[in-house]
Amino acid sequence: MKKLHNLLLFTLLSAMSPSVFAQDAYSDICNTILASDPALRAERLSLDASIKSMSASNSLENPEVEFAYKFGSPASADVNKWDLSVSQAFDWPGVYSARRKALGYRSRAAEESLRAYRLSREADLRELLVSYTAASHRMLLLEDFASNVDSIYRISAREYERRTITVLDWRKVMVEREMADARLAEARNDMKVIAGKLQALNGGFPLDLSGLNDYPSGTLSEFNFASVPSLAAARWSIEAARADASASARNRLPGFSLGYVHEVEGREHFNGFSVGVSLPFWRSQKENIAVRMLAEAEADAAEARHRELEAEYNSLRETVMSLTARADRLTEAIGDPVEYVRLLDKALAGGTITLYQYFYELNSLLEARLTAEDLRAQSALALQSAHRFVLPD
């Protein structure tokens, strides 16, 4: 039953907020986790409760029931009198329509806010998945490096037994081997830690991460104002604030009440109605001014947020392009690493370079490949961070 509830909730959220990214291994994992994400469910319930609370504030006042009993004087032959009345108070009619408009705008703002929140949650997950992919790529590079060092270690072990290499050379090989194994173990542990975090976010259930072979593809186009849910929420909030200002202005107009009256005096019964008018003498114009100022503040805040997000987005866009270009140039400079290692092996075997020179070149190659990989990982992280607040075209 709980799984069915989670599935229905996820279907509702997906219908309201389409998947942010193209369907791939990243999206599949994100959708699996978000389907039962308690934070996302709590946000939805909180927004629903807020809307229902505002809706309740636009209801009519509670009916008023009044009972009066009047005692006659002892000298009077008249019996005591009593009456019962029921009345209902109303604000000026235009107040209710303005409040309904404000409620409608706030409902739309809540929908956009939930879309923005889901974007943020999915971006957080995708950044974690990018970190896992980066750790796996780093592990593969270190496995390749460790394999090369192991080959030299096996050869050097035989040569050391034959006394054809010095003790210093043999120590150098052993140190390089241990360092390679330590770095490889660290990379494997990084993958294990990230996988554990993802499993915890999935309620403790394991996830299939085998499809995370590469970073998610995609580019960032020019900033699109209409594709930002948080800004859409701000626009609807502005409209709601303006509707609140209109309701406040109309609320300064007279209200009225209608009622039914039943009165009894002796054996006489009287039925009738009552009409009342409330004169808002004590409603200060300052209240109306304050509401209008809040509407202006909403507009100013939305403009500030627009500029802030556009600047952040453009900065991330430049970062993605710059890091990708740097990674491409470095990868091109490295060339074919397999061929490079083959040439190093040949030079070492031919005595052209020393063992120390060999390891220096091998480590330099590894650092260059790790740097290129780190640049691509940073670019992917910046791409996911930009998607935090902008829906793709």
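Before any of the text, the structure's been laid out above.
The present account deals with the structure reproduced in this document. (Residues numbered from 1 in each chain as written. Predicted model: local features only at pLDDT ≥ 70, side-chain atom pairs only at ≥ 80, totals over all residues. Heavy atoms only, no water.)

Brief notes about the side chain of Glu 127
- Within the element layout of this structure, Glu 127 appears in helix α4 (residues 93-161).
- Once you skip the residues sitting within four places of it in the chain, Glu 127 turns out to touch Leu 381, Gln 384, Ser 385 and Arg 388. (Helix = DSSP H or I, 4+ residues; strand = E, 2+ residues; numbered from the N terminus. Contact = heavy atoms within 4.5 Å.)

Focus: the packing of helix α5 (residues 167-201) against helix α9 (residues 355-386)
- Direction vectors running N to C along α5 and α9 enclose 15 degrees, while the axes themselves pass 10 Å from each other. As far as their axial angle goes, α9 and α5 are roughly parallel. The way α5 lies across α9 gives a crossing that is left-handed. Residues Leu 168, Asp 169, Lys 172, Val 173, Glu 176 and Arg 183 of α5 form the contact with α9, whose participating residues are Leu 355, Tyr 356, Phe 359, Asn 363, Leu 366, Glu 367 and Leu 370.
- Per-class residue counts for the contact of α5 with α9 are seven nonpolar, one polar and five charged. (Axes fitted to C-alpha atoms, helices over the stretch in contact; angles between N-to-C directions. Parallel < 35°, antiparallel > 145°, perpendicular 65-115°, else oblique. Left-handed = near helix turned anticlockwise from the far one by under 90°. Nonpolar A, V, L, I, M, F, W, Y, C, P; charged D, E, K, R; others polar.)

A short note on empty space enclosed by the protein
- Applying the stated criterion across every chain, the model contains two cavities of 30 Å³ or more.
- When its volume is computed, the largest cavity comes out at roughly 60 Å³.
- Together, Leu 141, Asp 144, Phe 145, Asn 148, Val 341, Leu 362, Leu 365, Leu 366 and Arg 369 line the largest cavity.
- Of all elements in the fold, only α4 and α9 reach the threshold of two or more residues within the lining of the largest cavity. (1 Å grid on protein atoms, 1.4 Å probe; cavity = no way out; pocket = protein on both sides within 12 Å on 5 of 7 lines; lining within 4 Å. Points joined across faces, edges and corners; volume = space filled by probe spheres on them.)

Examining a nonpolar patch on the surface
- A cluster of nonpolar side chains, contributed by Val 65, Phe 67, Tyr 69, Phe 71, Leu 84 and Val 86, occupies part of the molecular surface with about 630 Å² of accessible area.
- Secondary structure elements with two or more residues in the nonpolar patch: β1 (64-70) and β2 (81-90).
- Here the nonpolar patch gets three residues from one element, more than from any other, and that element is β1.
- Checked against the element boundaries, Leu 84 lands in strand β2. (Patch = residues over 30% accessible without salt bridge, like charges linked within 9 Å, V, L, I, M, F, W, Y side chains within 5 Å. Areas by Shrake-Rupley, 256 points an atom, 1.4 Å probe, with all protein chains shown as cover. Salt bridge = Lys/Arg side-chain N within 4 Å of Asp/Glu carboxyl O.)

A few points about the pattern of salt bridges
- By the definition in use, this model includes 15 salt bridges.
- A salt bridge links Arg 376 to Asp 328, with the nearest nitrogen and oxygen atoms 2.9 Å apart. Remark: Asp 328 occurs in helix α7 (residues 285-334) and Arg 376 occurs in helix α9; sequence separation between them is 48 residues.
- A residue is classified by how much of its surface remains accessible, and Asp 328, at 38% relative accessible area, is partly exposed. (Buried < 20%, exposed > 50% of the residue type's maximum accessible area, 1.4 Å probe, protein only.)

Focus on unusual backbone geometry
- Positive phi is not limited to glycine here, since Arg 163 has a value of about 65 degrees.
- One can find Arg 163 in the loop between α4 and α5.

Regarding the environment of Ser 385
- Note that Ser 385 resides in helix α9.
- Between the C-alpha atoms of Ser 385 and Ser 120, which are 265 residues apart in sequence, the distance is 8.7 Å.
- Setting aside residues no more than four positions away along its own chain, Ser 385 makes contact with Glu 127 and Leu 316.

Take it as geometry only, folks, not as evidence of what the structure does.
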